[in-house]
Each structure stands twice: as C-alpha cells, then as structure tokens.
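Structural characterization, general
Read off the chains here:
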Amino acid sequence: MKHPIPVALSESDRASLQTFIHAGKANARTFTRARVLLKAAEGWTDQQICDAFDISRNTSIRVRQLYLQGGLEAVLHDKRQQRHRQALTGGQAAHLIAIACSPVPDGHDHWTLRLLAGKVVELGFVESISPETIRQLLKKTNSNPGNTSTGAFQR
C-alpha cells in the first residue's frame, strides 16, 4: 500500500479552510475536499479519511495532489472544463438554416436531419457531421426541417 502524500498546511490555509467550512456556502463535494485536506494535514491515513467521509482512497489521494499542485484554489474550486469547438461557424449555421427553409430535393417531401447533414458535408463545411448535431443546432434556432412549407419559420 502506498504511503499517503504528506500535506503541511500553513496557518493561513488552515484558517481559510475552517472559515470556508463554517461559512456553509458551497456544494457537498467541495466541503468534503476541504475536510479531507484538514484531516490529511493532521496526519490521518487515507484509510481513516475514507472511513470518516465515506469516500474512495483515490479521492483522498487526489485531494492531496490537488493541494500540492495548485494550493487551496485547486482544492476549493473546480477547474472549468474547456468548451467543445462548435461544429459549424455562425455563417455556416445560417447557411444550413437557409437550406432547411429552401425547397426540398427531388424525391423527398421534407428535409430530414440526414439529408441536411449530407448537404453540409457536400458543401464542404465539415468532413462529417452527425444528424444529432444538426438537430441541436436547428433546435436552438427554432427551425423545423420536417416542416413542408418553404420560407421562414412561422409560429
């Protein structure tokens, strides 16, 4: 079994954690991390911490690592996740909406999500795109590819 990573809290960090816990203005996961860090600094083993807070050993280890790598900020505030790149630019999305509002191809009675996805690939906007991505984009704009009328969306 690996020995726990030693944590030495400064007095100011310890006071900040105590204040944070007593303020009661955060989610349960963040409070647990603060408590784990305090107990780790008091010399508790991972097993004692896991038993006391009903968490996994990996969580206890991760809290110690977070503190050593990024200080209190890393422990008390989750790192923002990067946003995924949008599949289509604003101009491409506008073009897609215009296509969805245009007359349907021969042999079809309405635009399907698959037809629209194929058209976006055919126009060279992207190498591939899922019909679900098309659906989500159209949903954001209140466009309906199943509407048999042509022209702008009407409520």
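Residues numbered from 1 in each chain as written. Predicted model: local features only at pLDDT ≥ 70, side-chain atom pairs only at ≥ 80, totals over all residues. Heavy atoms only, no water.

The next thing to look at is the nonpolar core. In this structure, Val7, Leu9, Leu17, Leu37, Tyr67 and Val75 are the most contacted members of the largest nonpolar core, which totals 21 residues. When contributions to this core are tallied by element, the ones reaching two or more residues are α1 (11-23), α2 (28-41), α3 (46-53) and α4 (57-76). Beyond its immediate chain neighbours, meaning those up to four positions away, Leu37 contacts Val7, Leu9, Leu17, Val63, Tyr67, Leu72 and Val75. Residues Ala93, Leu96, Leu116 and Ile129 belong to the second largest nonpolar core, which totals 14 residues. (Core = buried A, V, L, I, M, F, W, Y, C linked by side-chain atoms within 4.5 Å. Buried < 20%, exposed > 50% of the residue type's maximum accessible area, 1.4 Å probe, protein only. Helix = DSSP H or I, 4+ residues; strand = E, 2+ residues; numbered from the N terminus. Contact = heavy atoms within 4.5 Å.)

For any two helices packed against each other, one specifies the inter-axial angle together with the distance between the axes. Between helix α5 (residues 90-101) and helix α6 (residues 113-122), the shortest axis-to-axis distance is 11 Å and the interhelical angle comes to 130°. Relative to α6, the element α5 is oriented oblique. Classified by chirality, the crossing of α6 by α5 is right-handed. In contact with Leu96, Ile99 and Ala100 of α5, α6 contributes Leu116, Lys119 and Val120. Tallied by class, the residues present in the contact of α5 with α6 amount to five nonpolar, no polar and one charged. (Axes fitted to C-alpha atoms, helices over the stretch in contact; angles between N-to-C directions. Parallel < 35°, antiparallel > 145°, perpendicular 65-115°, else oblique. Left-handed = near helix turned anticlockwise from the far one by under 90°. Nonpolar A, V, L, I, M, F, W, Y, C, P; charged D, E, K, R; others polar.)

Bringing α6 into the picture now. When α6 is considered as a whole, its buried residues turn out to be Leu116, Ala117 and Val120. For α6, the arc enclosing every buried residue in end-on projection is 100°, short of the 170-degree limit, so these residues lie on one face. For α6, the exposed residues set more than 90 degrees away from the buried face come down to Arg114 and Glu122. Contact partners of the buried residues in α6: α5 and α7 (131-140). Of the residues trailing α6, Gly124 is marked for its positive phi of about 85°. (Arc of directions from axis to C-beta.)

This brings us to the environment of Leu9. If you trace the backbone, Leu9 turns up in the segment before α1. The spacing of Leu9 and Tyr67 is 58 residues in sequence and 9.3 Å in space, taken between C-alpha atoms. The residues contacting Leu9, other than those within four sequence positions of it, are Arg14, Leu17, Leu37, Leu38, Ala41 and Tyr67.

Our focus in this paragraph is the confidence of the model for the chain. For the chain, per-residue confidence averages 85 on the pLDDT scale, and 88% of positions sit at 70 or higher. Note on residues 150-155: pLDDT under 50 across the span, and seven contacts to partners over four residues away in sequence or across chains. (pLDDT = per-residue confidence, 0-100.)

Considering all chains together, one arrives at one aromatic pair under this definition. Judged by centre distance (5.5 Å) and plane angle (50°), the ring pair of Phe20 and Phe31 falls under tilted. Placement of Phe20 in helix α1 and of Phe31 in helix α2 is noted, with a sequence separation of eleven residues between them. The residues Phe20 and Phe31 share a single accessibility class, namely buried. (Phe/Tyr/Trp six-rings, centres within 6.5 Å; stacked < 30°, edge-to-face > 60°.)

Because an α-helix completes one turn every 3.6 residues, residues spaced three or four positions apart along the sequence face the same direction. Over its 13 residues, α1 runs 18 Å from end to end, which matches the ideal 18 Å to within 8%, given 1.5 Å per residue. Of all the residues in α1, the buried ones are Asp13, Leu17, Phe20 and Ile21. Considered in projection along α1, the buried side chains sweep an arc of 95° and stay on one side of the axis. Summarising the geometry of α1, the exposed residues directed more than 90 degrees from the buried face are Glu11, Thr19 and His22. Looking at the buried residues of α1, the elements they touch are α2 and α4. (Expected span 1.5 Å × (residues − 1).)

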